[in-house]
Amino acid sequence: MKRVIAIADRAASISLKLLVALNVLFFLSFLAVLLFAAGRAHADVPTCSGADMLSALQKSSPATYSKIEAEAAATLNGKGLLWKLEKSGEQPSYLFGTMHMTDRRVTTLPPEAQRAFDAAGTLIIETTDVLDKQKMMTAMLKEPDLMMFTDSTTLSSLLKPDEAAAMNAALDARGIPPATVAKMKPWMLSAMMALPACELARQSGGAPVLDVKLAESAKAAGKLVEGLETAESQLRAMASLPLAFHMKGLVDTLKLGDKVNDINETMIVLYQRGDTGMFWPLFRAAMPDEQNDPSGYAAFEETMITSRNKVMVDHAGPILARGNAFMAVGALHLPGPEGLVEDFRKAGYTVTAVN
């Protein structure tokens, strides 16, 4: 029996990581959309498609599905998107896990979360820089080497001929002239390739991801909107990972092709169910042990999630102390022993799941 999920091979596992990055790195999706919109050669909006990988897996390999389900059930704080934060002397606040997507299944809040948001006086999101185009442009120009090769290097020079051909074909399919991305760092291009073309097209057409929709609604209602990170810090986090890791991610994303639609659909289904603890078991099951890169995987998780969780809790403290806040950050920051739910408990909060 093959040591891979029937519909998710090694290429899928790397791209799953990239989709995770897009859902824990709020600013990255906006950069991808800016570049996508600027480089598009046509205005066609593709139809979204994709199948739920877990549903198919449950039928094709019940044993593998049960193993993933058991690991997810054992994940600390791995079930639920909405959590109540309580601390002596402070009005209660709420922590909510988002998905940085425009899909209506994502942007429609569950009733309990909608009530908590409506009653809150302050909204806290990962970064408010995305709400100001000037700040976004400033962040992009302040440290250009985070996103672009500033020497003679090009993406094609780091790829084998067949890989470069695959990259150009994928770009052509999305209406992006290859010359416009020749100097782009691999993780920037991966951000475009790892999301379905329909999602990129929706965002470039002005459809807001959930976090932005919440911020716009909060401002319209007269709520305060606060951020926990800067665009620069988010960019540095992604750019700090080894170039080899990012190049491997880009190549495997290109190999993935249309399977990215299935991965995206699966993530949305899990998100709707509030099964945040099932994401990582699914990713690990998609990787054969002999090809796994434990050091790269650990570095990714430490850089993109664990370290940033600590910063978020520290920066959220003074805002939460004012009480009655609604904190909305990527759902993959919530579960696990180093997740936000547990980090807030360590910081002295009573944290309770709201069903």
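What counts and what doesn't
- Residues numbered from 1 in each chain as written.
- Predicted model: local features only at pLDDT ≥ 70, side-chain atom pairs only at ≥ 80, totals over all residues.
- Heavy atoms only, no water.
- Helix = DSSP H or I, 4+ residues; strand = E, 2+ residues; numbered from the N terminus.
- Contact = heavy atoms within 4.5 Å.
- Areas by Shrake-Rupley, 256 points an atom, 1.4 Å probe, with all protein chains shown as cover.
- Buried < 20%, exposed > 50% of the residue type's maximum accessible area, 1.4 Å probe, protein only.
- Pairing = 2+ DSSP bridges.
- Core = buried A, V, L, I, M, F, W, Y, C linked by side-chain atoms within 4.5 Å.
- Axes fitted to C-alpha atoms, helices over the stretch in contact; angles between N-to-C directions.
- Arc of directions from axis to C-beta.
- Disulfide = S-S within 2.5 Å.
- Polar contact = N/O pair within 3.5 Å; in protein donor to acceptor, adjacent residues only side chain to side chain.
- Salt bridge = Lys/Arg side-chain N within 4 Å of Asp/Glu carboxyl O.

J.: For this particular structure, what's the right way to read the overall build of the chain?
T.: For the chain, the count of helices and strands is 17 helices and 6 strands. By sequence separation, contacts in the chain at least 24 residues apart represent 84% of the contacts at least 6 residues apart. Summing over all exposed atoms, the chain offers an accessible surface of approximately 14,600 Å²; the carbon and sulfur share of this is 55%.

J.: I keep staring at the pairing of strand β2 (residues 93-98) and nothing clicks. Help me out?
T.: For a regular strand, side chains alternate in direction, first toward one face of the sheet and then toward the other. Most of β2 is tucked away: 5 of the 6 residues are buried. Of the pairings in the sheet, the one linking strand β1 (residues 82-86) to β2 comprises 4 bridges and is antiparallel in character. Residue pairing across strands places L82 opposite F96, the latter belonging to β2. Note: β2 against strand β5 (residues 325-330), 5 bridges, orientation parallel. Residue pairing across strands places T98 opposite G330, the latter belonging to β5.

J.: Looking at this structure, how should I read the nonpolar core?
T.: The tendency in soluble globular proteins is for nonpolar side chains to be buried as a group. F96, L123, L189 and F326 are the most contacted members of the largest nonpolar core, which has 71 residues in total. Residues within four places of F326 in sequence aside, it is in contact with L82, Y94, F96, A113, A116, F117, A120, T122, L123, I124 and L214. Counting residues in hydrophobic clusters, the runner-up holds 19 residues, among them I319, L320, L334 and V341.

J.: Please explain the sheet that holds strand β4 (residues 224-227) as it appears in this structure.
T.: Sheet strands associate in pairs through backbone hydrogen bonding, adopting either a parallel or an antiparallel arrangement. Sheet architecture is open: 6 strands sit in the order β4-β3-β5-β2-β1-β6, paired in mixed fashion. Two strands bound the open sheet, and with one partner strand each, they are β4 and β6 (350-353). The average angle at which neighbouring strand axes cross in this sheet is 25°, direction not considered. Taken together, the 4 bridges between strand β3 (residues 122-125) and β4 define a ladder with parallel strand orientation. Within β4, the position partnered with I125 by the bridge is G227. Here helix α6 (residues 111-119) sits on the sheet and contacts β1, β2, β3 and β5; the angle it forms with β5, its principal contact strand, is near 130°. Strand contacts of helix α11 (residues 210-220): β2, β3, β4 and β5, with the helix running at about 155° to β3, the strand carrying the most contacts.

J.: Quick question: what am I supposed to make of α6 here?
T.: Along an α-helix, a turn takes 3.6 residues, which lines up residues three or four apart on a common side. All of the buried residues along α6 are A113, A116 and F117. Down the axis of α6, the sector holding all buried residues measures 100°, keeping them to one side. α6 presents P111, R115 and A119 as exposed residues on the side facing more than 90 degrees away from its buried surface. Buried residues along α6 sit against β1, β2, β3, α11 and β5.

J.: Looking at this structure, how should I read the pairing of β3?
T.: Neither face of β3 is exposed, since T122 and I124 on one face and L123 and I125 on the opposite face are all buried. Inspection of the sheet shows β3 paired to β5 by 3 bridges, in the parallel sense. Bridged to L123 within β5 is F326.

J.: Looking at this structure, how should I read unusual backbone geometry?
T.: Generally, phi is negative for residues other than glycine and the peptide bonds are trans, each holding for most cases. We note that N77 has phi near 55°; this positive angle belongs to a residue other than glycine. Locating N77 in the fold gives a position in the loop between α4 (62-73) and β1. We classify N77 as buried; its relative accessible area is 12%.

J.: What am I meant to see in the state of the cysteines here?
T.: Disulfides are covalent bonds that link the sulfur atoms of two cysteine residues. Per the stated rule, a full pass over the model turns up 1 disulfide. In this model, C48 is linked to C198 through a disulfide, with the two sulfur atoms separated by 2.1 Å. Across the S-S bond of C48 and C198 the torsion is about 110°, and the bridge reads as right-handed. Linking C48 in the loop between α2 (26-39) and α3 (53-60) with C198 in helix α10 (residues 197-204), this pair joins segments that are 150 residues apart in sequence. Overall, C48 belongs to the partly exposed group, its relative accessible area being 37%. With a relative accessible area of 5%, C198 lands in the buried category.

J.: I would appreciate a short explanation of the side chain of T306 in the present structure.
T.: Structurally, T306 is set in helix α16 (residues 294-321). Beyond its immediate sequence surroundings of up to four residues, T306 is in contact with E301 and E338.

J.: Sorry, what's going on with the side chain of R308 here?
T.: Along the polypeptide, R308 turns up in helix α16. A distance of 3.3 Å separates the side chain of R308 from the side chain of E126, its partner in a polar contact. Side chain to side chain, R308 and E229 meet in a polar contact 2.8 Å long.

J.: Mind showing me how you'd approach the pattern of salt bridges here?
T.: Once their charged atoms are close, side chains differing in charge can pair, the charge on each being opposite to the other. Considering all chains together, one arrives at 15 salt bridges under this definition. For E226, the salt bridge is made with R322, and the minimal N-O distance between the two is 2.9 Å. Taken together, the residues span a long stretch of sequence, with E226 in strand β4 and R322 in the loop between α16 and β5 at a distance of 96 residues. We classify E226 as partly exposed; its relative accessible area is 25%. The shortest N-O distance in the salt bridge between K346 and D343 comes to 3.9 Å. Taken together, the positions of K346 and D343, both in helix α17 (residues 340-346) and 3 residues apart, correspond to about one turn of that helix. Through salt bridges with shared partners, a single ionic network connects K310, E338, D343 and K346.

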